[in-house]
Amino acid sequence: MTRVLRRLFGACGVVLAAGLFAPPAWASFESCVKAVRADVLKAGIKPDLVDAAFKGIAFDEKAVRFSRTQPEYRIAIWDYMAFLVDAARLADGAKMLSAHDKTLRAVEKAYGVNRFVLAALWGVESDYGREKGDFFLPHALPNVVCGGKKPAVFKAELIQALRIVQAGDVKLADLTGSWAGAFGQTQFMPSTYRRLAVDFDRDGRRDTIRSVPDALASAANFLDKAGWQSGLPWGFEVKVPASYKGPVGRSRKAPASAWTKLGVTRADGSALPSSGSYGLIRPAGRSGPSFLVSRNFDALYSYNAAESYALAIGHLSDRLAGKGALKTPWPTDDPGLSRVERKRLQELLIRQGYYKGEADGRIGPITVAAIKEAQKKAGMKPNGRPSKRILNALAGN
Ligand code: CA
């Protein structure tokens, strides 16, 4: 979730949760890094590799700031979905499904995990392998440790990351990812990699960075170990009676027959499945789309602990499999923007003098401030939200 939010908000798109922090004094940072380095050696990482890993390490303001901040506000589910399930990700996904058809089918057969779900997860985690993060883990992780964020946890992740290199699975220089250490096409944390990555292309290395078969099989292995049940849908959209007062929540599961008794029907009009146990989720409350979700939704949730994330993967997988858009609209009269539209919005803000940054599609605080200004000028409520209405206003529509 943090990763996905970070991509939504951009590099400076978060505010500090508890005000400004003072960067550590250089001397204390240096001695902290030295101590981390000593612990890494003690853990059995060879001196040559430790030397190479720590070479040129410097205070990384961005890594420390990211590790200490929380997203500014809860993003609306319809903005989240508009960003993750957009036309470009669908088109790219269709290309990837065709280009990697053989691999995806082989992985599906080996692990029992639906190939459209694997493609969706790949598309969201790393934009199908294109966006793996650019923090160099051996430098970012000591910064996070010395910045004070769960030092024991992130030191352990650093050691695991270097063990991956020491085992010959990936090259040190390839070890880039998020500030927190998630790396490669599946964005596994190093400890998750150590437990669950697999060598599906049988070249003797588990390489979730450069090998698509290894990455997809590793993600499938993760979901399998998280309880994925072959052949069971992750969930599906449903219609719920207006008078509904029954259970809500993915943990309150019941067989489809119980939901039928409560008046719940499938949104597309087809029959509820005869097998499986489902919980009802209503991410935007009573007025938005509702879903019955299975244990496979829970497996997706365990990949990244947010229901919105699991829903985005599930819905994207359905769309990649050729199913239609949601039947019930999200309860907003001002829909969210795709990645292309976010860039278009920034281009218009630049052209009309509201914004001096880059049109990179990442909506940070400077873009938010620019949107507010433009909204004021247009006589709209200045909430800073990148949405269709302000985009249309700036485009002169
Ligand atoms: Ca391999």
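Just above, that's the structure.
Residues numbered from 1 in each chain as written. Predicted model: local features only at pLDDT ≥ 70, side-chain atom pairs only at ≥ 80, totals over all residues. Heavy atoms only, no water.

S.K.: Could you give me a rundown of the environment of Asp 318, with the residues and numbers involved?
M.R.: Of note, Asp 318 is situated in helix α15 (residues 307-320). Along the primary structure Asp 318 and Pro 233 are separated by 85 residues, whereas in three dimensions their C-alpha atoms are 9.7 Å apart. In this view, Asp 318 contacts Trp 234 and Lys 323; residues no more than four positions away in its chain are not counted. (Helix = DSSP H or I, 4+ residues; strand = E, 2+ residues; numbered from the N terminus. Contact = heavy atoms within 4.5 Å.)

S.K.: Residues and numbers for the packing of helix α7 (residues 101-111) against helix α12 (residues 212-225), please.
M.R.: Taken N-terminus to C-terminus, the directions of α7 and α12 make an angle of 25°; their axes are 10 Å apart at the nearest point. Classed by the angle they form, the pair α7 and α12 counts as roughly parallel. Taken as a pair, α7 and α12 cross one another with a handedness that is right-handed. Residues Thr 103, Leu 104, Val 107 and Tyr 111 of α7 form the contact with α12, whose participating residues are Pro 213, Leu 216, Ala 217, Ala 220, Asn 221 and Asp 224. Looking at the contact of α7 with α12 residue by residue, the class counts come to seven nonpolar, two polar and one charged. (Axes fitted to C-alpha atoms, helices over the stretch in contact; angles between N-to-C directions. Parallel < 35°, antiparallel > 145°, perpendicular 65-115°, else oblique. Left-handed = near helix turned anticlockwise from the far one by under 90°. Nonpolar A, V, L, I, M, F, W, Y, C, P; charged D, E, K, R; others polar.)

S.K.: Outline helix α3 (residues 47-54), supporting the account with residue identities and numerical values.
M.R.: Residues of α3 that are buried include every one of Leu 49, Val 50, Ala 53 and Phe 54, and no others. Take α3 and look down its axis: the buried residues cluster within an arc of 120°, on one side only. For α3, exposure combined with an orientation more than 90 degrees from the buried face picks out Pro 47 and Asp 48. Positive phi shows up at Gly 56, right after α3, with a value of about 75°. (Buried < 20%, exposed > 50% of the residue type's maximum accessible area, 1.4 Å probe, protein only. Arc of directions from axis to C-beta.)

S.K.: Which residues make up the state of the cysteines, and what values do they have?
M.R.: This model, assessed by the stated rule, comprises one disulfide. Disulfide pairing places Cys 32 opposite Cys 146 at an S-S distance of 2.0 Å. Looking down the S-S bond of the Cys 32 and Cys 146 bridge, the torsion is -90°, so its handedness is left-handed. Residue Cys 32 is located in helix α2 (residues 26-42), and its partner Cys 146 is located in helix α9 (residues 137-146); the two are separated by 114 residues in the primary sequence. A relative accessible area of 23% means that Cys 32 is categorised as partly exposed. In this structure Cys 146 comes out as buried when scored by relative accessible area, which is 14%. (Disulfide = S-S within 2.5 Å.)

S.K.: With reference to specific residues and values, describe the coordination of the calcium ion.
M.R.: Distances from the calcium ion to its protein donors, Asp 199 (OD), Asp 201 (OD), Asp 203 (OD), Arg 205 (O), Asp 214 (OD) and Asp 214 (OD), fall within 2.2 to 3.1 Å. Bound by six donor atoms, the calcium ion shows angles of 46 to 161° at the metal and therefore irregular coordination geometry. Each donor residue of the calcium ion belongs to the same chain, and together they define the spacing D-x1-D-x1-D-x1-R-x8-D. You can call Asp 201 partly exposed: its relative accessible area is 33%. By relative accessible area, Arg 205 is classed as partly exposed at 30%. (Donors = N, O, S within 2.8 Å, 3.2 Å for Na, K, Ca; no water. Tetrahedral: all angles 85-135°; square planar, octahedral: opposite > 155°, others 65-115°.)

S.K.: Please give an account of the sheet that holds strand β9 (residues 290-293) that cites residues and values.
M.R.: Paired through their backbone hydrogen bonds, the strands of a sheet run either parallel or antiparallel. Strand order in this open sheet of five strands is β6-β8-β9-β5-β7, and the pairing throughout is antiparallel. Each edge of the open sheet carries a strand with a single partner, namely β6 (249-255) and β7 (265-266). Helix α14 (residues 295-303) contacts β6, β8 (277-281) and β9 of the sheet and is inclined by roughly 160° relative to β6. (Pairing = 2+ DSSP bridges.)

S.K.: I'd like to hear about the environment of Leu 137, residue by residue, with values.
M.R.: Structurally, the position occupied by Leu 137 is in helix α9. A sequence separation of 45 residues divides Leu 137 from Ala 182, and the C-alpha atoms of the two residues are 8.6 Å apart. With residues up to four places along the chain from it excluded, the contact list for Leu 137 reads Pro 142, Leu 158, Ala 161, Leu 175, Thr 176, Gly 177, Ser 178, Gly 181, Phe 183 and Pro 190.

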